[in-house]
Amino acid sequence: MSVATQQHVLIERHGRVVLARLNRPAALNALNAEMMNTLVDQLQPLDDDPDVGCFVITGSERCFAAGADIKELASKSYLELLRTDFFRGWDTFAALRTPKLAAVAGFALGGGCELALMCDTIYAADNASFGQPEIKLGLIPGMGGSQRLTKLIGKAKAMDMILTGRTMDAVEAERAGLVARVIPAAELLETTLAAAATIASYSKTTAIIAREAVERALEGGLHEGIMFERRTYYALWATNDANEGMRAFIEKRAPAFSGS
């Protein structure tokens, strides 16, 4: 394992897995522009790295992220937010093609919940709680929460959370389809890193296409999604990794994927 320290983000390498740990403990990991830019600046160059197969985003044992930094936002004007498109860096993060797992312990509120939603799946500690409480400040989610949350858990649940500002515990979040697994808090990071290592052991090309196929299911109609899946499935037959995977299966050995 290797560790690179940034002011607000700690980056660790675990083989083919990159762990990004949010690191503003005094502010409960509130997401400010510096944290957003640091996270993007650190991960974007690794997105095309063939030796990186999965990203894991986490916070502390107490808090994933308590929301956007309201002190920073309160100093901005409408025109400043609009002209700079203040949250656009998060669009860059969400668009990273390398599979992204969120390991959430404690609070994931507001922007913290939205950051977790930008990941491909969420593993939650049994002490995790999720919420979009922006309405309590006279605001609405601004980093995609109203859209991603609704697509994942449906209109009724999303409306309930966004209009009341209530939080959802880990058990309800799993039941609603917001999180993939609920894990004892002490085992959260180990379990998530193990899942990430499994993903990273496969062909990165195939993993990228697989996650894009699932995303297509959320964004379009059934027929369009099936056609996308079928075209990309056929296209994978032209890759070395698909040929290697099938040969390894027939020869009863472990495949050696190259990402090509």
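Refer to the preceding data block for the structure.
A short tour of the structure in this document, coming up. One numbering rule holds for all chains: residues counted from 1, following each sequence as written. The predicted nature of this model means local features are confined to residues of pLDDT at least 70 and side-chain atom pairs, given and counted, to a pLDDT of 80 or more, with totals for whole chains, interfaces and linings taken over all residues. The side-chain values count all of the structure's non-hydrogen atoms but skip hydrogen atoms and water molecules.

### A short note on the overall build of the protein
Here's step 1: Helix and strand assignments follow DSSP, with helices taken as H or I runs no shorter than four residues and strands as E runs no shorter than two, numbered in order from the N terminus. Within the protein, the secondary structure is distributed over 12 helices and 11 strands.
Here's step 2: In summary, the protein has a C-alpha radius of gyration of 19 Å against a globular reference of 18 Å for 260 residues, a match within 12%.
Here's step 3: Once the C-alpha set of the protein is aligned to its principal axes, its extents read approximately 60 × 45 × 40 Å.
Here's step 4: Residue burial is assigned from relative accessible area. The probe radius is 1.4 Å, only protein chains are included, and a residue is buried under 20% of its type maximum, exposed over 50%, and partly exposed in between. Looking at the protein as a whole, 44% of its 260 residues are labelled buried.
Here's step 5: Each accessible area is a Shrake-Rupley estimate made with a 1.4 Å probe; only the visible protein chains count as cover when residues are assessed. As presented, the protein carries roughly 13300 Å² of accessible surface, and 57% of it is formed by carbon and sulfur atoms.
Here's step 6: Positive charges come from Lys and Arg, negative ones from Asp and Glu, while His and the chain ends are left out of the count. By convention, the point assigned to a charge is CZ for Arg, NZ for Lys, CD for Glu and CG for Asp. Averaging the locations of the 27 positively and 31 negatively charged side chains of the protein gives two centres separated by 3 Å. Atoms counted for the radius of gyration: C-alpha only. Globule rule: 2.2 Å times residue count to the power 0.38.

### Quick look at the pattern of salt bridges
Here's step 1: We define a salt bridge as a contact between a side-chain nitrogen of Lys or Arg and a carboxyl oxygen of Asp or Glu at a distance within 4 Å. Across all of its chains, the model carries 12 salt bridges by this definition.
Here's step 2: With a closest N to O distance of 3.0 Å, Arg24 and Asp69 form a salt bridge. With Arg24 in the loop between strand S3 (17-22) and helix H1 (33-43) and Asp69 in the loop between strand S5 (63-65) and helix H2 (70-74), the pair connects residues that are 45 residues apart, well separated along the chain. Of the two residues, Arg24 and Asp69, neither departs from the other in class, the shared state being buried.
Here's step 3: The partner of Glu172 in a salt bridge is Lys157, and the shortest N-O contact between them spans 2.7 Å. You can see Glu172 sitting in helix H8 (residues 170-176) and its partner Lys157 sitting in helix H7 (residues 155-164), a full 15 residues away along the chain.
Here's step 4: Within the structure, one salt-bridge network assembled from shared partners comprises Lys157, Asp160, Arg166 and Glu172.

### Some details on the nonpolar core
Here's step 1: Residues Phe93, Phe130 and Leu178 are the most contacted members of the largest nonpolar core, which totals 46 residues.
Here's step 2: By definition in these notes, contact holds between two residues if any of their heavy atoms fall within 4.5 Å. Those residues in contact with Leu178, other than ones at most four positions away along the chain, are Leu117, Ile122, Phe130, Leu149, Leu152, Ile153, Met168 and Ala173.
Here's step 3: If you look at the next biggest cluster of nonpolar residues, it comprises 15 residues, including Ala103, Leu188, Leu193 and Ala200. To define a nonpolar core, start from buried Ala, Val, Leu, Ile, Met, Phe, Trp, Tyr and Cys residues and group those joined through side-chain atoms within 4.5 Å.

### A closer look at the environment of Met159
Here's step 1: By secondary structure assignment, the location of Met159 is in helix H7.
Here's step 2: For Met159 and Leu189, which are 30 residues apart along the polypeptide, the C-alpha to C-alpha distance reads 31 Å.

### Overview of the sheet that holds strand S10 (residues 167-169)
Here's step 1: Overall, mixed pairing links the four strands, which are arranged S5-S7-S9-S10 in an open sheet. One side of each edge strand has no neighbouring strand; the edge strands of this open sheet are S5 and S10. For this sheet, the mean angle separating the axes of adjacent strands, direction not counted, is 20 degrees.
Here's step 2: One requirement defines pairing of two strands: DSSP has to find at least two bridges between them. In terms of strand pairing, strand S7 (residues 107-109) meets strand S9 (residues 129-131) through three bridges, oriented parallel. Along S9, the bridge assignment pairs Phe107 with Ser129. Axis definition: a line fitted to C-alpha atoms, over the contacting stretch in the case of helices. Angles run 0 to 180 degrees between N-to-C directions.

### Considerations on the packing of helix H10 (residues 204-219) against helix H11 (residues 222-236)
Here's step 1: Where H10 contacts H11, the axes come no closer than 9 Å and their chain directions differ by 170 degrees. By the criterion of interaxial angle, the relationship of H10 to H11 is roughly antiparallel. Here Thr206, Ile209, Glu212, Ala213 and Arg216 of H10 come into contact with H11, specifically with Glu224, Gly225, Phe228, Thr232 and Leu236.
Here's step 2: Each residue belonging to the contact of H10 with H11 can be placed in one class, and the counts come to four nonpolar, three polar and three charged. In what follows, roughly perpendicular refers to angles from 65 to 115 degrees, roughly parallel to angles under 35, roughly antiparallel to angles over 145, and oblique to any angle outside these ranges. Side-chain classes follow a simple rule in which Ala, Val, Leu, Ile, Met, Phe, Trp, Tyr, Cys and Pro form the nonpolar group, Asp, Glu, Lys and Arg form the charged group, and the remainder, Gly included, forms the polar group.

### Concerning the packing of aromatic side chains
Here's step 1: Classification of ring pairs uses Phe, Tyr and Trp, with its six-membered ring standing for Trp, and accepts pairs whose centres are within 6.5 Å; under 30 degrees between planes counts as stacked, over 60 as edge-to-face, and the remaining range as tilted. Counted under the stated rule, the structure contains four aromatic pairs.
Here's step 2: Summarising the aromatic geometry, the rings of Tyr233 and Trp237 are spaced 6.3 Å apart at their centres and angled 65 degrees between planes, so their arrangement reads as edge-to-face.
Here's step 3: Residue Tyr233 is classed as partly exposed on the basis of its relative accessible area, which comes to 48%.
Here's step 4: Ring pairing ties together the aromatic residues Tyr233, Tyr234 and Trp237, which thus form one cluster.
Here's step 5: Taking NZ or CZ as reference, Lys100 lies 5.7 Å from the ring centre of Phe93, over its face.
Here's step 6: Geometry around Phe228 places Arg216 over its ring, the cationic atom sitting 4.0 Å from the centre. Distance and angle both matter: a charge sits over a ring if NZ of Lys or CZ of Arg is within 6 Å of the ring centre and within 35 degrees of the ring normal.

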